[in-house]
Amino acid sequence: MPTECSADLFGFAPVEGRAVVARFDGGTITSDAGALLLGATDRAIALVDRFAACFHDVRRRHLIEHEVATLVGQRVFGIALDYEDLNDHDALRHDPIMAVLAGKLASRRKDCAPLAGKSTLNRLELSRLEPTRYHKISHNPIAIRKLLVDLFLEAHEKAPSEIILDLDATDDPVHGNQEGRFFNGYYDCYCYLPLYIFCGRHLLAARLRPANHGAAAGVVKEVGRIVRHIRQRWPKTRIVVRADGGFAQDELMAWCEANDVHFVLGLQQNVRLVAEIKDELAHAEAKSRRTGKPARFFKEFKYETRRSWSCKRRVVAKAEFTRDEANPRFVVTSLKRAECRPKYLYEKVYCARGDMENRIKECQLDLYADRTSTATMRANQLRLWFASMAYVLLCALRRIALHHTPFINASCSTIRLKLLKIGARVRISVRRIKIAMASSCPAADVWTIAAIRLNVAAMARGSPA
């Protein structure tokens, strides 16, 4: 028997003789009940209020419906919940869970929803460095950059003996005439070239840059700012900078040497470097052909370019032969042989930087850090920071609440799917707000553990020292 649908009642194939019909008449129901964990995480690290403090609001107080903290939180929570477009907020502003996260169940004016729509949020994203007649909310880029490092420092109970700062650039394709767009030959498209700095899973910097310069453009300034900030809190912590060959510039290495910062940087091969390991490559080829398996040997030597480097530096080379061809690789480092032998330095220290690629994928694919479609670089940089704060929030949830659970190494998208996207009926009474989540939720046990841990962390933050 064919199914039938009316304008608002949808029929489907019957099950055991019973008709199956559907209609959007469930009442106050949300698909994002698990986002209560985001609110608890925010209370544990106070991200939204501190991020909102980086904005300056000169609107008339008696005419304001949506406070800056509400707008900022709505945008960060929305990105974390997979709502990357501002258009989504025209419906989300009526969502009961978003209202609970904002701490605002009803509007003060009859013609408004509890939360902001796309136009109000768009004015926030287009905010200037100084307020104007039409943009009365401005933002402070220095304060936002500082907040990212502060959140990283506060995530540690005590100063670590050593930290490694991973640097990388990636492409952010653009499809319009945005300010600062350029064609990049390496990525073969018009794009931005944002710079990311991570320490493990922690995001310390996300700087939007035009694509008409190399990967290392402006990196000394950014690394210098972060190192100074960290050393104010952790003066005895050893800092190592790690990056691929695009960052092996004398400016960065000389700065590190002058400021007691170590570096492990990939080095692009050339004829002189390959000539240094010709014997090792020959041995690797002979062994590989004899065993039928890849073979590698390591060598270290002092090296200096003919013109661009200011001094000789230690280079570690991997002489590898695999798949019937040579595969030489080189790393330049300030670390001494006594503390880091060649094989260990390459395989354990340098190659570990590949995990940073997963962090960038989380930011761009899971949290839409590449949605830089506004006209100006200033607004696109602010969009990048909103996505960055959503990443920091989800990382804090994972770090505080998900240790010793199956989700301790889960990506942001997995955490969202398993723990945040939970259907629930919301009942609001005079005394309480009851959120009845789906009884069949597969991750209910983990969600329960996470909620308890986050509430304990929030209470610990709120208690007097």
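Residues numbered from 1 in each chain as written. Predicted model: local features only at pLDDT ≥ 70, side-chain atom pairs only at ≥ 80, totals over all residues. Heavy atoms only, no water.

Taken together, the side chains of Phe12, Val15 and Val20 define a hydrophobic patch exposed on the protein surface, amounting to about 250 Å² of accessible area. Structurally, Phe12 can be placed in strand S1 (residues 10-15). (Patch = residues over 30% accessible without salt bridge, like charges linked within 9 Å, V, L, I, M, F, W, Y side chains within 5 Å. Areas by Shrake-Rupley, 256 points an atom, 1.4 Å probe, with all protein chains shown as cover. Salt bridge = Lys/Arg side-chain N within 4 Å of Asp/Glu carboxyl O. Helix = DSSP H or I, 4+ residues; strand = E, 2+ residues; numbered from the N terminus.)

Attention now goes to helix H14 (residues 377-401). Taking 1.5 Å per residue, 25 residues should reach 36 Å; H14 reaches 36 Å between its end C-alpha atoms and fits that length. Counted residue by residue, H14 has 23 buried out of 25 residues, so it is predominantly covered. (Expected span 1.5 Å × (residues − 1). Buried < 20%, exposed > 50% of the residue type's maximum accessible area, 1.4 Å probe, protein only.)

Here we come to the environment of Ala99. Mapping Ala99 onto the fold places it in helix H5 (residues 96-102). For the pair Ala99 and Ala113, spaced 14 residues apart in sequence, the C-alpha separation works out to 9.5 Å.

Together, Arg425, Arg427, Arg432 and Lys434 make up a region of like positive charge exposed at the surface. Mapped onto the secondary structure, Arg425 falls in strand S18 (residues 424-428). (Lys, Arg positive; Asp, Glu negative; His and termini not counted. Charge placed at Lys NZ, Arg CZ, Asp CG, Glu CD.)

With that settled, consider helix H15 (residues 412-420). Taken residue by residue, H15 has Cys412, Ile415, Arg416, Leu419 and Leu420 as its buried positions. Along the axis of H15, the buried residues cluster in a sector spanning 105°; they form a single face. (Arc of directions from axis to C-beta.)

The next subject is the packing of aromatic side chains. In the structure shown here, the tally under the stated rule is 11 aromatic pairs. For the ring pair Phe198 and Tyr391, a centre distance of 5.8 Å and an interplane angle of 85° mean the geometry is edge-to-face. Linking Phe198 in strand S10 (residues 195-199) with Tyr391 in helix H14, this pair joins segments that are 193 residues apart in sequence. Here the aromatic residues Phe51, Phe55 and Phe386 are joined through ring pairs into a cluster of three or more. One Lys or Arg, Arg181, reaches over the ring of Tyr190 and ends 4.0 Å from the middle of that ring. Here the guanidinium or amino end of Arg313 rests over the ring plane of Trp309, the centre of that ring lying 5.3 Å away. (Phe/Tyr/Trp six-rings, centres within 6.5 Å; stacked < 30°, edge-to-face > 60°. Lys NZ or Arg CZ within 6 Å of the ring centre and 35° of its normal.)

For the coordinates displayed, the defined rule picks out 36 salt bridges. When the shortest N-O distance is used, the salt bridge between Lys118 and Asp90 registers 2.7 Å. With Lys118 in helix H6 (residues 118-125) and Asp90 in helix H4 (residues 89-92), this residue pair connects regions lying 28 residues apart in the sequence. For Lys118, a relative accessible area of 32% corresponds to the partly exposed category. Note that Glu347 and Arg296 form a salt bridge whose closest N and O atoms lie 2.8 Å from each other. On the criterion of sequence distance, the pair formed by Glu347 in helix H12 (residues 342-350) and Arg296 in strand S14 (residues 295-303) is long-range, its members being 51 residues apart. Its relative accessible area of 24% is what places Glu347 among the partly exposed residues. For Arg296, a relative accessible area of 33% puts it in the partly exposed group. Because the salt bridges share partners, they merge into one network encompassing Arg201, Asp355, Arg359, Glu362 and Arg398.

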